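# Overview (structure and organization)
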Amino acid sequence: MTLRKKLAVSTIAASVALTALAGIPLSSKGLAEKLGVSGVAYASSLADSSLVNDIKKLRDALVATSGMDKVKALQDALNDLEIHQKGDIVDPIVDKFNPTNEEETQLENLFYAAVELSYAPSIEGLESLRAQYEPLLQSFASRADVVLTVDDVLKYFLDIQKELVNQVKNKGLSELLDLMQNKDSVKKLMQDTLAALSGTQYSLQKVFVYYKVNTDDVLEVFTRSRDAVGENKYFTDAAAALFKAYESLLPTNPGTNPGPNSGPNPVIDAPLPESTDKLLKNLKAALDKATEAEKAAIITKFVSDAKDEITKLATISASTNVSVINGQAVLQLNEGSALSAISGINAVAAKVKEVSPSSALAKSALKIDLGSVVQKDVVLNLSDAIVKAAAAGNVSGATFVVGKFEVTLPVGGSFSSAIGLTIKKTDATAEVVGTLKSVSEVYDFNLTVGGAAKTTFDQPIVISIPLGDTTGLDQELLSVAKIVDGKLVFHGGRVTGSSIVESRDSFSSYVVVENKVSFSDIASVEAWAGREIQVVAAKGAIEGKSEGVFAPKDKVTRAEFAKMLIRALDLENGSATESFDDVKAGDWHAPYVAAAVQLKIINGRSATKFDPNATITRAEMATMIARALKVSQGAADVTDVNAALKDFADADKISAALKDGVAFAATHKIVIGNEGKFLPNNNATRAEAAVIIYRASKNVK
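Given the structure is predicted, the values throughout are model-derived calculations rather than measurements. Numbering of residues begins from 1 in every chain and follows the order in which that chain's sequence is written. A pLDDT threshold of at least 70 governs which residues receive local features in this predicted model, and a stricter bar of 80 or more applies before side-chain atom pairs are shown or counted, although totals over entire chains, interfaces and linings include all residues. Side-chain numbers here rest on the full set of heavy atoms in the structure, without hydrogens or water.

### As for the nonpolar core
Looking at soluble globular proteins, one finds that nonpolar side chains tend to be buried together. Basically, it comes down to this: Remark: nonpolar core denotes a set of buried residues (Ala, Val, Leu, Ile, Met, Phe, Trp, Tyr, Cys) joined through side-chain atoms within 4.5 Å. Classification of residues uses two cut-offs on accessible area relative to the type maximum, computed with a 1.4 Å probe and protein chains only: under 20% is buried, over 50% is exposed, and between them is partly exposed. A run of H or I in DSSP counts as a helix once it spans at least four residues, and a run of E counts as a strand once it spans at least two, with each numbered from the N terminus. Contact criterion: two residues are considered in contact whenever any of their non-hydrogen atoms come within 4.5 Å of each other.
Core analysis: the largest hydrophobic core is formed by 70 residues, its most contacted members being Ile368, Leu380, Phe400 and Val407. With 8 residues, the single largest contributor to this core is helix 18 (residues 335-355). The contact partners of Ile368, leaving out residues within four places of it in the chain, are Ile316, Ala318, Leu331, Leu333, Leu382, Ala398, Thr399, Phe400 and Val401.

### Topic: helix 21 (residues 526-538)
Two residues of an α-helix separated by three or four positions point the same way, owing to the 3.6 residues in each turn. Among all positions in helix 21, only Ala529, Gly530, Glu532, Ile533, Val535, Val536, Ala537 and Ala538 are buried. Its buried side turned inward, helix 21 meets strand 15 (478-484), strand 16 (487-490) and helix 27 (686-697). Among the residues trailing helix 21, Gly540 stands out with phi positive, at a value near 80 degrees.

### What to know about the pattern of salt bridges
To be explicit about the condition: In what follows, salt bridge is the name for a side-chain nitrogen of Lys or Arg lying within 4 Å of a carboxyl oxygen of Asp or Glu.
Going through the model one piece at a time under the given rule, you end up with 26 salt bridges. Glu441 is paired through a salt bridge with Lys376; the nearest N and O atoms lie 2.3 Å apart. With Glu441 in the loop between strand 11 (437-438) and strand 12 (442-449) and Lys376 in the loop between strand 6 (364-369) and strand 7 (377-382), this pair connects stretches of sequence that are 65 residues apart. Taking relative accessible area as the criterion, Glu441 reaches 21% and is therefore assigned partly exposed. For Lys376, a relative accessible area of 38% corresponds to the partly exposed category. Between Asp570 and Arg494 there is a salt bridge, and its shortest N-O distance comes to 3.3 Å. Of this pair, Asp570 sits in the loop between helix 22 (558-568) and helix 23 (590-598) while Arg494 sits in strand 17 (residues 494-496), and the two are 76 residues apart along the sequence.

### Thoughts on the side chain of Asn394
Its place among the elements puts Asn394 in the loop between helix 19 (384-391) and strand 8 (395-402). The contact partners of Asn394, leaving out residues within four places of it in the chain, are Ile345, Asn346, Ala349, Leu361, Ala362, Lys363 and Ser364.

### Let's talk about the confidence of the model for the protein chain
Selection rule: Note: pLDDT gives the predictor's confidence per residue, expressed from 0 to 100.
When the pLDDT values of the protein chain are averaged, the result is 78; 72% of them are 70 or greater. Per-element confidence in the protein chain ranges from a low mean pLDDT of 28 for strand 2 (residues 41-42) to a high of 96 for strand 8. Note that pLDDT drops below 50 for residues 251-268; the model gives that stretch 13 contacts with residues more than four away or on any other chain.

### Considering the packing of aromatic side chains
Convention followed: Aromatic rings from Phe, Tyr and Trp, with only the six-membered ring used for Trp, were paired whenever their centres fell within 6.5 Å, and each pair was classed as stacked if the ring planes differed by under 30 degrees, edge-to-face if by over 60, and tilted otherwise. Lysine and arginine charges are scored as sitting over a ring when NZ or CZ, respectively, is within 6 Å of the ring centre and within 35 degrees of the ring normal.
By the definition in use, this model includes 10 aromatic pairs. The aromatic ring of Phe610 is capped on one face by Arg558, whose charged end is 4.3 Å from the ring centroid. A cation over an aromatic ring shows up here: Arg686 above the ring of Phe550, its NZ or CZ 4.5 Å from the ring centre.

### Overview of the pairing of strand 19 (residues 509-514)
Counted only if it meets this: By the convention used here, strands pair only if DSSP detects at least 2 bridges between them.
Among the 6 residues that make up strand 19, 6 are buried, leaving the element largely enclosed by the rest of the structure. Here strand 19 shows a buried face lined by Ser509, Val511 and Val513 and a second buried face lined by Tyr510, Val512 and Glu514. Of the pairings in the sheet, the one linking strand 11 to strand 19 comprises 2 bridges and is antiparallel in character. Bridging from a neighbouring strand, Ser438 pairs with Val513 of strand 19. Across 2 bridges, the pairing between strand 12 and strand 19 is antiparallel. For Asp444, the partnering residue across the bridge sits in strand 19 and is Ser509.

What follows is the structure, encoded as structure tokens:
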């Protein structure tokens, strides 16, 4: 057989055989992208998403266990071999295939296309490869009466890797390294591994049987590749790296099969940054030689330095990690650097807690700055390893800064695996905003967690949208609007500097507009509630009874106030549920009641009854506001309740269960009395509710 044929056919057989030992990821971007992952979405043509997830998990595990460089070193060593050496390596398998001259040329093209794709992975490249060459691959399989795809080939060799680890799972790393030094032991291991898979009848296995490619042939390819590289260390290092990576993915309790919410996989700490290591060592040295009297000052300075260190570590410049792929700016964060920064943050926070428990530091968000990005479409990625390391330590999430736009993603809980966010910007046309004045572009968001699309989530994602020219506009009336079936649904937001900030529990398309709402029936309350009604209505927290009708003196109901609170204070949670008999899933107030009850802002009348249409008193309203601000803003209780209520002549009429809430609302001037009285048991009106909601929103940070 010609050398040309040997090289070409290696794409089908030998190169995939080597991946069983050399590791699947072919580049720093990982084979996951090569198999259909671009940014955050899987290619729809991939039939087996679990296969892609397996590949992503393996790549992330290799990074987390510091094994990627070892695998890459072996791949580079194999790639650097001379052409004739590569041909000799695959002889044992290639000689059993007999391509025609026409097939020979196609196979050669396939070989070079596959090599090119491995270094520039993309969906389009993969689809092109499949469309152009999968029929050729199938032509070989058809002679064996087998249907064979690229995915079948990959799955077979991934399962070989998994079975290899299964065969040695009870061995220690040192035992594995000893085994890898002995060719006979390696041969026996491979024989046992292939034998364990022989009963499953993989499609590729059937093709090998047809062409009489046996275990000895595969082993001979492996042996020749080791001999050609000439340095056995490449293989032992790569094998050890794969072993450690797979070991980190194993359940903590052997024999169990944890579900998707069973907790993060073990993550091996990355090396500490040099500055962190120095800070910790300097503290130890200073404390070791300090007197008891001197230690307090040393610890105080360390706490201050620790805060500075965490701020520095959490600030990541990622402009060099952005690539333009198919017109999209795609961020693939340097995992090693990110994991090292997280390791440093965790170490510093732990040391502060150890030496000064009262100074324990709150969790920090990573701030990842992409710099100036001109592309309209941006893809943001946090790998599985980064998310798990962050969630397990002192990191609350990640704030991505893209020019003047910012978005903060949480980690932990339902955000415990690889996170991907796609942001697309388009112009805000009259077709979108109608007669309203827009002050931003339209932002369309798509989120995936663990490769699965997410449209609602139980932890808020905070977006900060830059504002355009607001000259002549009323900034208090600016609102983030969600575009739903061509209509705008107003969700509020708070203007901070030249941006508007809004927490979201679901994703769709959003635009910022000036939303002027007018009512014809508020003249009687205009002096003390007119402005407040206009602003709260503009934010979508309160609506009229009908077009242009507010009904300011109507009594506010429990359901209405639940919506006002949740909307105005950015506490929406699309995944929240409730189980009241008198609140149906299709009721307009159901999601707001569910969110308020889950946060314990509003309680049911009983375990099964919410009583949504019942009115609420001023004292109840004050208490609900107090609970909401304590939950959302971490506001503190009033220390002296009686002192806070002393100016109200009717303080003794406030229910004991509601006094704390009334004291809080009065102290923060959210609810003000009338002529020296609080009037706690009066039913609250819609106008009063609007004023109170307006004042409460001013306490939102």
